[in-house]
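# Topology and contacts: notes
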Amino acid sequence: MNIAIFYFSATGITETVSNHIATILEKEGHSITLKNIIIPNSRRSQVDFLEFDACIFGFPVFGGRPPSIAEEWMKTLNGRNQKCSMFFTYGARDLELAHQVTFYLLTQANFKVVLSAEFIGKHSFNVAKGWSLAEGRPNQLDFDVATEFALQTIIQFKRDSKFNIDLSDFTYKSKKVRESHGFWKNFYPLRDTDDCSMCYMCEKECPVEAFDALLGEPNRKRCIQCMHCVSICPDKAIHIGDVSQLFEKFKKRFGLTEDVVENKRSKIIF
Ligand SMILES: Cc1cc2nc3c(=O)[nH]c(=O)nc-3n(C[C@H](O)[C@H](O)[C@H](O)COP(=O)(O)O)c2cc1C
């Protein structure tokens with residue numbers, strides 16, 4: 001089959017899982033097109049989904065849902081009744097409404113969703129000093145589930161079986177952009193060293209056009225704190241401050257002991 005994998009990936013976790021799925025499917029003889037939708041221009045061009053036999057969507061979970069810009073992008077699509085599967089990577093806290101929101105939006109966009117999955121991934125905020133959640137994930141077990149997900153996706157694309165996510169208690173509301181104060185106010189990227197070659201990657205690659213390379217910081221009203229600029233800076237000049245105290249509060253609030261995190265499993269949702 002000719003399959004496209006559309007994914008959003010800020011720190012590379014969803015990309016790693018997408019690449020793994022692509023490798024498995026290519027070994028099975030399928031032709032795979034990988035498309036990262038992180039850069040604004042990649043979300044502006046119209047996609048004709050009839051160019052593919054089916055597709056797979058992969059998103060990280062940001063605040064219990066897909067990133068707001070991924071949600072807005074899904075609203076612009078016309079799946080033309082094509083089949084798709086979807087998956088999420090998340091930093092071992094919770095997916096909350098991610099499956100429901102995405103299933104709803106893809107169904108509204110005329111896709112037939114056949115399968116979903118969730119994978120544990122190193123938390124994006126591990127780029128910050130003092131934050132360390134699900135380090136080392138996805139691990140071999142997670143990749144094994146991704147392999148199974150890839151193979152099951154093909155089986156479900158070929159069948160006409162019904163896949164449904166219960167939306168009876170669900171009403172879709174657009175996602176609010178995170179407030180730039182409160183708990184998350186210290187999670188903004190900042191260039192805090194002179195070792196910057198002014199390559200403008202931070203500005204060019206920012207998914208919401210928030211980062212100003214000259215100022216060395218983002219517009220806080222636009223920034224979605226995805227950590228892409230921190231992650232891609234070739235000079236390692238952009239950082240987040242020390243959030244170790246916030247990390248302790250966060251773990252306590254969500255009961256994220258080492259054992260709990262280690263025992264969180266990636267899974268396929270049939
Ligand atoms: C702004 C933001 C919000 C996040 N919210 C959640 C969340 O609600 N639950 C969770 O378990 N992980 C959360 N994470 C962690 C990411 O889902 C996780 O690290 C993901 O694998 C990152 O994928 P990427 O590198 O492809 O962007 C969040 C990360 C960011 C940057």
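Overview of the structure. (Residues numbered from 1 in each chain as written. Predicted model: local features only at pLDDT ≥ 70, side-chain atom pairs only at ≥ 80, totals over all residues.)

### Side note on the site of the ligand
Taken together, 25 residues lie near the ligand, and T14, P60, G91, R93 and G121 sit nearest. When contributions to the shell around the ligand are tallied by element, the ones reaching two or more residues are α1 (13–27) and β4 (83–90). Looking at the shell around the ligand, the element that brings in the most residues is α1, giving three residues. Each of domain 1 (2–162 + 263–269) and domain 2 (182–256) accounts for three or more of the residues forming the shell around the ligand. (Near = placed C-beta within 6 Å. Helix = DSSP H or I, 4+ residues; strand = E, 2+ residues; numbered from the N terminus. Domains from an automatic or database assignment.)

### Considering the nonpolar core
Formed by 74 residues in total, the largest nonpolar core has its most connected members in I3, I5, I21, C55, F57, C84 and L106. In terms of residue count, the dominant contributor to this core is strand β5 (residues 112–120) (six residues). Two domains each provide a minimum of three residues to this core, namely domain 1 (2–162 + 263–269) and domain 2 (182–256). Apart from the residues within four sequence positions on either side, L106 is in contact with F57, M74, G79, C84, M86, F111 and V113. (Core = buried A, V, L, I, M, F, W, Y, C linked by C-beta atoms within 7 Å. Buried ≥ 20, exposed ≤ 12 C-beta atoms within 10 Å, placed from the backbone. Contact = placed C-beta atoms within 7 Å.)

### What about the pairing of strand β1 (residues 2–7)?
Most of β1 sits inside the fold, with five of its six residues counted as buried. Regarding the hand of the β-α-β motif, the stretch spanning β1, α1 and strand β2 (residues 31–36) is right-handed. Relative to strand β3 (residues 54–60), β1 runs parallel, the two being bridged by five bridges. Bridge pairing links I5 to I56 in β3. (Right-handed = clockwise from strand over helix to strand, strands pointing away. Pairing = 2+ DSSP bridges.)

### Some remarks on helix α5 (residues 140–158)
With 19 residues, α5 ought to run about 27 Å at 1.5 Å a step, and its terminal C-alpha atoms sit 28 Å apart, in line with that. Those residues of α5 that fall on the buried side of the exposure criterion are D142, V145, A146, F149, A150, T153 and F157. Angular distribution of buried residues about the axis of α5 spans 150°; they occupy a single face of the element. Exposed side of α5, more than 90 degrees from the buried face: Q140, L141, D144, I155 and K158 are the residues found there. (Expected span 1.5 Å × (residues − 1). Arc of directions from axis to C-beta.)

### Considerations on the sheet that holds β3
If you trace the six strands from one edge of the open sheet to the other, you get β2-β1-β3-β4-β5-β10, paired in mixed fashion. Bordering the open sheet on either side are β2 and β10 (267–269), each of which pairs with just one other strand. Neighbouring strand axes in the sheet, compared pairwise and without regard to direction, differ in orientation by 20° on average. Relative to β4, β3 runs parallel, the two being bridged by seven bridges. Directly across from C55, in β4, lies its bridge partner C84. Along the sheet, α5 makes contact with β3, β4, β5 and β10, crossing β5 at roughly 180°. (Axes fitted to C-alpha atoms, helices over the stretch in contact; angles between N-to-C directions.)

### Structural notes on the environment of K162
Looking at the element boundaries, K162 is found in the loop between α5 and β6 (190–191). With 7 C-beta atoms packed within 10 Å, K162 lands in the exposed category. Each C-alpha atom, one on K162 and one on A210, is 41 Å from the other, the two residues being 48 residues apart in sequence.

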